[in-house]
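# A look at the structure
Here are the chains, one letter per residue:
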Amino acid sequence: MDIPLDYRHSNGHAADHAGNHVARVAARLLDTVDPEQRADLALRRLLERALTAAAEAQARISEQRREIEQLRTLSVTDEATGLLNRRGFSEAMNRAVERGQRYGETGALLVIDLDGFKAVNDTYGHAAGDHVLASVARVLKQCVRTLDDVARIGGDEFAVLLNQTTPEHAVERARLIEMYLNGLVAPWRGKNIHVRASVGSQCFGADSKPDDVFTQADKNMYTRKSGKAPDALPA
């Protein structure tokens, strides 16, 4: 049976706490032992073994906790870009909307789609496509704050969650990101791949639902994309 990562993580904390408690009790008892008494000497050896076993158990628990956290990180990370993947984005989106519903926070979702990306793969190969995706990811991370979330949610589709922001700031940030992405050139084996992107945005707040916010942002992105002239192949 698969145990949810969050359950195993909390269970590890409980076991770690129990191990620390055993070690503290054994240490206190050890302080009361008279090394000159035979019976106390046997008890001392027993307590020393208990302390060693507790330390080893605590080390194993700490290692298991690190491994679980690594698995957790991998499960929400996109391998090609290092951004959040679709699952990580969904979790971040749900948290953001929940904060809006609970505390009245406002934010915005940006959906970004690369224009003509298929031509990059067809012309230069998938390695070049991955290079472009990584370049786009770097630009997006440079354009947002540490409290914002950036994700790759599909082949050439990205999402940016602007947390705790105003509609005015969201519009400004969307325009900035679109400007930087459409000015991005990714060098590849002596060629320059010119990136083109369309950005759609949608604000959210106390009455918002994650699916509705994404649907509207995605729709706004495609509306913006449809107003552009068809892209030529990358130079």
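Residues numbered from 1 in each chain as written. Predicted model: local features only at pLDDT ≥ 70, side-chain atom pairs only at ≥ 80, totals over all residues. Heavy atoms only, no water.

## A look at the pairing of strand β4 (residues 185-188)
- Here β4 shows a buried face lined by Ala 186 and Trp 188 and an unburied face lined by Val 185 and Pro 187.
- Across four bridges, β4 lies against strand β5 (residues 191-194) in antiparallel orientation. The partner of Trp 188 across the bridge, within β5, is Lys 191.
- Between the end of β4 and the start of β5, which pair antiparallel, lie two residues, with Arg 189 showing a positive phi angle near 50 degrees. (Buried < 20%, exposed > 50% of the residue type's maximum accessible area, 1.4 Å probe, protein only. Helix = DSSP H or I, 4+ residues; strand = E, 2+ residues; numbered from the N terminus. Pairing = 2+ DSSP bridges.)

## Here's the deal with the confidence of the model for the protein
- When pLDDT is averaged along the protein, the result is 82; 74% of the residues meet or exceed 70.
- Note that pLDDT drops below 50 for residues 229-235; the model gives that stretch 15 contacts with residues more than four away or on any other chain. (pLDDT = per-residue confidence, 0-100. Contact = heavy atoms within 4.5 Å.)

## Considering unusual backbone geometry
- With a phi angle near 50 degrees, Gln 164 is a residue other than glycine that sits in the positive phi range.
- Residue classification places Gln 164 among the partly exposed residues on the basis of a relative accessible area of 48%.

## Description of the packing of helix α4 (residues 117-124) against helix α5 (residues 126-142)
- Between α4 and α5, the least distance of the axes is 7 Å, while the angle of their chain directions is 140 degrees. Classified by the angle between their axes, α4 and α5 sit oblique to one another. In this structure, α4 contributes Phe 117, Val 120, Asn 121 and Tyr 124 to the contact, and α5 contributes His 126, Ala 128, Gly 129, Val 132 and Leu 133.
- Class assignment for the residues of the contact of α4 with α5 results in six nonpolar, three polar and no charged. (Axes fitted to C-alpha atoms, helices over the stretch in contact; angles between N-to-C directions. Parallel < 35°, antiparallel > 145°, perpendicular 65-115°, else oblique. Nonpolar A, V, L, I, M, F, W, Y, C, P; charged D, E, K, R; others polar.)

## Some words on the sheet that holds strand β2 (residues 149-152)
- Taking strand neighbours across the sheet as the criterion, the four strands line up as β2-β3-β1-β6 in an open arrangement whose pairing is antiparallel. Lying at the two open borders of the sheet, with one neighbouring strand each, are β2 and β6 (197-204). Between one strand axis and the next, the sheet turns by 15 degrees as a mean value, whatever way the strands run.
- Sheet analysis places β2 next to strand β3 (residues 157-162), joined by four bridges and oriented antiparallel. Paired with Arg 152 across the two strands is Phe 158, which belongs to β3.

## A short note on the pattern of salt bridges
- Counted under the stated rule, the structure contains nine salt bridges.
- A salt bridge links Asp 78 to Arg 152, with the shortest nitrogen-to-oxygen separation between them at 3.2 Å. Of the two residues, Asp 78 is situated in the loop between α2 (38-75) and α3 (86-103) and Arg 152 in strand β2; the sequence distance between them amounts to 74 residues. With respect to burial, Asp 78 and Arg 152 carry one shared label: buried.
- Here the salt bridges share partners, and the residues they tie into one network are Asp 113, Asp 115 and Lys 225. (Salt bridge = Lys/Arg side-chain N within 4 Å of Asp/Glu carboxyl O.)

## Observations regarding the side chain of Asn 85
- Its location among the elements puts Asn 85 in the loop between α2 and α3.
- Only 3.1 Å separates the side chain of Asn 85 from the backbone nitrogen of Arg 87, close enough to count as a polar contact. (Polar contact = N/O pair within 3.5 Å; in protein donor to acceptor, adjacent residues only side chain to side chain.)

## Considering the environment of Val 185
- Position of Val 185 relative to the elements: it lies in strand β4.
- The class of Val 185 is partly exposed, set by a relative accessible area of 32%.
- For the pair Val 185 and Val 136, spaced 49 residues apart in the sequence, the C-alpha separation amounts to 9.8 Å.
- When sequence neighbours within four positions are dropped, the list of residues in contact with Val 185 reads Asn 192, Ile 193 and His 194.

## Some remarks on helix α7 (residues 210-226)
- Relative to the 24 Å expected for 17 residues at 1.5 Å per residue, α7 spans 24 Å between its end C-alpha atoms, a close match to the ideal helical length.
- Of all the positions in α7, only Val 213, Phe 214, Ala 217, Asp 218, Met 221 and Lys 225 are classed as buried. Along the axis of α7, the buried positions cluster into a sector of 125 degrees, meaning they face one direction only. Residues of α7 that are exposed and point over 90 degrees away from its buried face: Asp 212, Thr 215, Lys 219, Thr 223 and Ser 226.
- Where α7 is buried, its residues touch α3, β1 (107-114), β3 and β6. (Expected span 1.5 Å × (residues − 1). Arc of directions from axis to C-beta.)

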